[in-house]
Amino acid sequence: MKDYALMMIGAALVNNVILARFLGLCSFMGVTTRIDAAAGMGLATTFVITVSSMADWAVQHYLLAPYGLGFLRTVTFILVIASAVQFTELTVRKVSPQLFQMLGIYLPLITTNCAVLGIALLLVEGRMSFMTSTLFAFASSVGYSLVMVIFAGQRERLAVAAVPRLFAGPPIGFIVASLLAMAFMGFSGISTG
């Protein structure tokens, strides 16, 4: 049980998908102008990553590996991810039309979010069991959501701050993102033993 907890903390904080692996930067910079949009995107992405990783694990272990079809891994995983995104998009549209409008084009673009595919490929590379891969995917997506919401909060504060004109917009966003990445690097020094 302790191993699962440490693995999940490591996936969410130490090896954060956005800040340590640099995956999902498009949505990180595009959707984080408001906390509610970032939280909605984080929840949708968490669902897609968790569900698609479970399905991708099954596809890898019961179809691709036994029949020597590893060369179809990326295409197959993207197909599974696209299906999960379609389901998520229909659900969000039905449950919260306002959130659906707020997320706009970024919701269907979860399919091409490299964080989603990256996590699925990390699971295959790590040769994890079903339970471990599910927990790893969930923890990674929670870390993704956490960073999205923190960054959105910082960007909301910057929107009303007196930022020098030279740094306004994306430059200050990248500076804040780099400071956030350095702050998360501090988690790598935590002793677990």
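Quick caveat: nothing in here was measured; it's all calculated off a predicted structure.

(A) A look at a nonpolar patch on the surface. A contiguous nonpolar patch, built from L166, F167, I175, L179, M182 and M185 and spanning about 630 Å² of accessible area, is present on the exposed surface. Relative to the assigned elements, M182 resides in helix α8 (residues 170–185). Look at M182 and you get exposed, because its relative accessible area is 52%.

(B) A look at the pattern of salt bridges. Per the stated rule, a full pass over the model turns up two salt bridges. Across the pair E89 and R93 runs a salt bridge, and its minimum N-O distance is 3.8 Å. Residue E89 and its partner R93 are located together in helix α4 (residues 73–95), separated by four residues, close to a single helical turn.

(C) Geometry of the confidence of the model for the chain. Overall, the predicted model of the chain reaches an average pLDDT of 89, with 98% of residues at or above 70. Averaged pLDDT values over the elements of the chain bottom out at 83 in helix α5 (residues 97–103) and peak at 94 in helix α7 (residues 130–159).

(D) Just empty space enclosed by the protein, in detail. With the rule as written, the count across this model stands at one cavity of 30 Å³ or more. Quantified by volume, the largest cavity comes out at close to 40 Å³. It is helix α3 (residues 35–64) that contributes the most residues to the lining of the largest cavity, five residues altogether. Split by residue class, the lining of the largest cavity holds five nonpolar, three polar and one charged.

Quick notes on the rules
- Residues numbered from 1 in each chain as written.
- Predicted model: local features only at pLDDT ≥ 70, side-chain atom pairs only at ≥ 80, totals over all residues.
- Heavy atoms only, no water.
- Patch = residues over 30% accessible without salt bridge, like charges linked within 9 Å, V, L, I, M, F, W, Y side chains within 5 Å.
- Areas by Shrake-Rupley, 256 points an atom, 1.4 Å probe, with all protein chains shown as cover.
- Salt bridge = Lys/Arg side-chain N within 4 Å of Asp/Glu carboxyl O.
- Helix = DSSP H or I, 4+ residues; strand = E, 2+ residues; numbered from the N terminus.
- Buried < 20%, exposed > 50% of the residue type's maximum accessible area, 1.4 Å probe, protein only.
- pLDDT = per-residue confidence, 0-100.
- 1 Å grid on protein atoms, 1.4 Å probe; cavity = no way out; pocket = protein on both sides within 12 Å on 5 of 7 lines; lining within 4 Å.
- Points joined across faces, edges and corners; volume = space filled by probe spheres on them.
- Nonpolar A, V, L, I, M, F, W, Y, C, P; charged D, E, K, R; others polar.

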